[in-house]
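Listed here are the chains, written in short residue letters.
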Amino acid sequence: MKLQTARRLAITTACATFGLLLIGGLVHNTRSSLACPDWPLCFGSAFPKMVGGVFYEHSHRLAATTVGLLTVALAVLLGLRGRRMLWLGLGAVGLVVFQGVLGGLTVIYRLPTMVSTSHLAVSLIFFCLLLYIAFQLREPDAAPLAVSPSLRRLIAIAAGAVFLQSLVGALMRHLGAGLACIDFPMCRGALWPTGVHPSVQLHAAHRLFAVVAGALVCGVAVKAWRAAEGRRALRALAVALPVVVLFQIALGVASILTFLAVVPVTAHLGGAALLLGDLVVLFLATRSAATVTVTAPQRALPDSLPEREFHA
Ligand code: HEM
Ligand code: HEM
């Protein structure tokens with residue numbers, strides 16, 4: 001019963017964090033980041049007039065407070081499940097507080113690039129931590145699917161690539177390089193422009209690395225689909241990967257062609273979180289099939305019999 005409640009709360013907090021991420025994206029996209037000049041209050045009040053940019057900025061703060069309270073409640077429930085789970089809960093509370101402080105620093109120091117980029121990075125890490133906690137609370141009979149170690153490695157690499165791509169995207173955005181090239185598919189007439197400002201190359205790197213990340217994600221999708229025969233939920237996660245990655249690339253292109261319109265740019269952030277979340281869940285829902293090493297008995301067999309490996 002308690003397990004159910006804790007698991008439901010972990011999933012609710014992860015969903016609320018996804019919503020919070022989108023609101024955070026809206027804060028920047030509507031140019032409301034400095035609508036409240038102070039922090040933690042806004043114009044000295046916890047309930048300022050919700051007009052103009054204050055609506056977005058303060059809604060983000062209120063939503064963040066809600067997620068913070070959900071995380072504290074989750075930590076309390078985790079604390080009832082032993083030391084290890086308590087540490088996980090405390091880790092989540094620590095991370096959400098750190099994220100709030102980063103948010104405050106973005107305001108106080110007037111949007112320093114590295115702080116804004118870290119704020120995005122921590123939001124994704126926090127989202128993944130909540131997914132991990134929800135998985136730790138799964139039903140005991142929901143065993144992860146045994147797959148080849150190479151597939152698990154590929155999932156981890158693809159997740160790392162999507163995270164890295166997101167960091168490059170956030171850095172580009174906070175350096176104001178989102179429109180450093182407005183031609184497509186070329187960037188200032190070349191795939192890799194030279195003799196230009198480094199921010200233009202950062203923009204080009206984000207485009208080129210999308211191909212690498214996209215290929216890795218599609219590779220995972222094909223292998224995971226094959227490995228997950230008879231497991232409908234895992235197959236759904238595998239099918240979603242190429243669909244989301246194609247949408248994500250299309251939204252990136254649309255962001256440029258619409259000169260950073262609010263809808264495609266905000267959805268582009270949501271797409272990155274969904275893609276990363278899908279890969280993290282796939283990783284957690286699988287385990288490496290045990291590799292057993294069989295060593296030949298010394299006397300009974302010929303000297304040169306090789307060691308053999310097989311997957312259980
Ligand atoms: C769990 C807590 C929080 C999460 C998950 C979160 C998430 C986000 C995300 C994903 C963005 C968009 C980042 C980007 O576009 O690169 C954002 C932007 C922002 N957040 Fe938060 N946030 C949280 C708490 C806070 C708090 C407490 C504040 C307090 C002031 C805050 C202030 C801001 C500001 C000012 C921006 C715009 C930054 C910019 O334009 O550079 N955030 N947030
Ligand atoms: C796997 C593929 C991709 C992923 C995971 C990804 C992820 C991201 C992320 C997380 C951001 C930062 C958003 C934020 O800070 O709120 C971003 C920014 C951006 N991305 Fe991508 N991206 C991908 C592909 C592309 C492609 C193919 C293009 C264009 C051809 C593109 C164009 C952009 C632009 C223009 C921005 C900056 C938006 C701004 O300045 O506000 N992205 N990307």
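Predicted model, so just to flag it, every value in this text is computed and none were measured.

A short note on the state of the cysteines
Counted under the stated rule, the structure contains 2 disulfides. Disulfide pairing is shown between Cys181 and Cys187; the S-S distance is 1.8 Å. The class of Cys187 is buried, set by a relative accessible area of 1%. With cysteine numbering restricted to those in disulfides and following the sequence, the protein has the pairing 1-2, 3-4. Counting only cysteine sulfurs, Cys15 is the nearest neighbor of Cys128, a cysteine outside any disulfide, at a range of 14 Å. Summary of cysteine pairing: Cys218 is not part of a disulfide, and the nearest cysteine sulfur, belonging to Cys128, is at 19 Å.

Brief notes about the coordination of the iron atom of ligand 1
The iron atom of ligand 1 binds to the protein through His60 (NE2) and His119 (NE2); the donor distances cover 2.0 Å. Geometry at the iron atom of ligand 1 is octahedral, judged from its 6 donor atoms and the angles of 87 to 180 degrees they form at the metal. With His60 in helix α2 (residues 53–79) and His119 in helix α4 (residues 113–136), this residue pair connects regions lying 59 residues apart in the sequence.

Regarding the nonpolar core
Of all hydrophobic cores here, the largest spans 59 residues; its most connected members are Ile133, Val220, Leu241 and Leu279. Ranked by residues supplied to this core, first place goes to α4 with 13 residues. Per-domain counts for this core show at least three residues from each of domain 1 (1–140) and domain 2 (143–312). Apart from residues lying up to four places away in sequence, Val220 is in contact with Leu151, Leu154, Ile155, Ala158, Leu241, Leu279 and Leu282.

Focus on the site of ligand 1
Taken together, 26 residues lie around ligand 1, and His28, Ser33, His60, His119 and His174 are the ones closest in. Within the side chain of Ser33, one N or O atom sits 2.5 Å away from an oxygen atom of ligand 1. Between Ser116 and ligand 1, the recorded distance is 2.8 Å, taken from a side-chain N or O atom to an oxygen atom. Among the elements of the structure, α1 (2–29), α2, α3 (83–108), α4 and α5 (149–174) are those that each provide at least two residues to the shell around ligand 1. For the shell around ligand 1, the element with the most residues is α3, which contributes 7 residues.

Side note on the site of ligand 2
Near ligand 2, the surroundings consist of 21 residues, among which Met172, Arg173, His206, Gln248 and His268 are the closest. Within the side chain of His206, one N or O atom sits 2.8 Å away from a nitrogen atom of ligand 2. His268 places a polar side-chain atom, nitrogen or oxygen, 2.8 Å from a nitrogen atom of ligand 2. Within the residue set of the shell around ligand 2, elements represented by two or more residues are α5, α6 (198–227), α7 (232–257) and α8 (262–284). Considering each element in turn, the shell around ligand 2 owes the most residues, 6 residues, to α5. Tallied by class, the residues present in the shell around ligand 2 amount to 11 nonpolar, 8 polar and 2 charged.

Focus: the environment of His119
Sequence spacing of His119 and Leu105 is 14 residues, and the spatial spacing of their C-alpha atoms is 9.7 Å. Setting aside residues up to four positions removed in sequence, His119 forms contacts with His60, Gln99, Leu102 and Gly103. In terms of polar contacts, His119 uses its side chain to reach the backbone amide nitrogen of Gly103, at 3.5 Å.

What about the domain arrangement of the protein?
Along its sequence, the protein is organised into domain 1 (1–140) and domain 2 (143–312). Placing a centre on the C-alpha atoms of domain 1 and another on those of domain 2 gives a separation of 25 Å. Taken together, the contact between domain 1 and domain 2 spans 22 residues of the former and 22 residues of the latter. When the buried area of domain 1 at its contact with domain 2 is split by residue, Asn29, Leu124 and Phe135 rank highest and sum to 25% of it. Our enumeration of links across domain 1 and domain 2 arrives at 0 salt bridges. Taken together, domain 1 and domain 2 are joined by 3 residue pairs in polar contact (both at pLDDT 80 or more).

Notes on the environment of Gly91
Counting through the fold element by element, Gly91 comes out in helix α3. The exposure class of Gly91 is partly exposed, given its relative accessible area of 34%. Along the backbone, Gly91 and Phe184 are 93 residues apart, and their C-alpha atoms lie at a distance of 43 Å.

Notes on a nonpolar patch on the surface
Together, Trp39, Val97, Val101, Ile108 and Tyr109 line one region of the surface with nonpolar side chains, adding up to about 490 Å² of accessible area. Examined against the element boundaries, Trp39 turns out to sit in the loop between α1 and α2. According to the relative accessible area criterion, Trp39 is partly exposed, its value standing at 35%.

Reading the values: the criteria
- Within each chain, residues carry numbers counting from 1 in the order of the written sequence.
- By the order in which they are written, chains take letters starting at A while ligands take numbers starting at 1.
- pLDDT decides what is reported in this predicted model: residues at 70 or higher carry local features, side-chain atom pairs at 80 or more are listed and counted, and totals for whole chains, interfaces and linings draw on all residues regardless.
- The side-chain quantities take in all heavy atoms of the structure and omit both hydrogens and water.
- Any cysteine sulfur atom paired with another within 2.5 Å is treated as part of a disulfide.
- A 1.4 Å probe rolled over the protein chains alone gives each residue an accessible area, and that area as a share of the maximum for its type sets the label: buried under 20%, exposed over 50%, partly exposed in between.
- Atoms are scored as donors when they are N, O or S and lie within 2.8 Å of the metal, with 3.2 Å used for Na, K and Ca; no water is included, so coordination may look incomplete.
- Think of it this way: with four donors and all angles in the 85 to 135 degree range, the site is tetrahedral; with four or six donors, opposite ones beyond 155 degrees and the rest between 65 and 115, it is square planar or octahedral; otherwise it is irregular.
- In DSSP terms, a helix is any run of H or I states spanning at least four residues, a strand is any run of E spanning at least two, and both are numbered starting from the N terminus.
- Residue types Ala, Val, Leu, Ile, Met, Phe, Trp, Tyr and Cys, when buried and joined through side-chain atoms within 4.5 Å, form a set referred to as a nonpolar core.
- Segmentation of the chain into domains, including their bounds, is taken from an automatic or database domain assignment.
- The contact rule is simple, with two residues in contact once any of their heavy atoms fall within 4.5 Å.
- Working definition: residue near molecule or strand if any one of its non-hydrogen atoms lies within 4 Å of it.
- Two N or O atoms form a polar contact when they lie within 3.5 Å of each other; inside protein one atom must be a possible hydrogen donor and the other a possible acceptor, and for residues adjacent in sequence the pair counts only when both atoms belong to side chains.
- Classification used: nonpolar for Ala, Val, Leu, Ile, Met, Phe, Trp, Tyr, Cys and Pro, charged for Asp, Glu, Lys and Arg, polar for all others including Gly.
- Here the quantity called buried area is the accessible surface, traced with a 1.4 Å probe, that two parts lose on coming together, added over both.
- The working definition used for a salt bridge is a side-chain nitrogen of Lys or Arg within 4 Å of a carboxyl oxygen of Asp or Glu.
- Patch rule: a residue counts if its relative accessible area is over 30% and it has no salt bridge; like charges are joined within 9 Å, and nonpolar side chains (Val, Leu, Ile, Met, Phe, Trp, Tyr) within 5 Å.
- Computed with a 1.4 Å probe, the accessible areas rest on the Shrake-Rupley method; for each residue, only the protein chains presented here act as cover.

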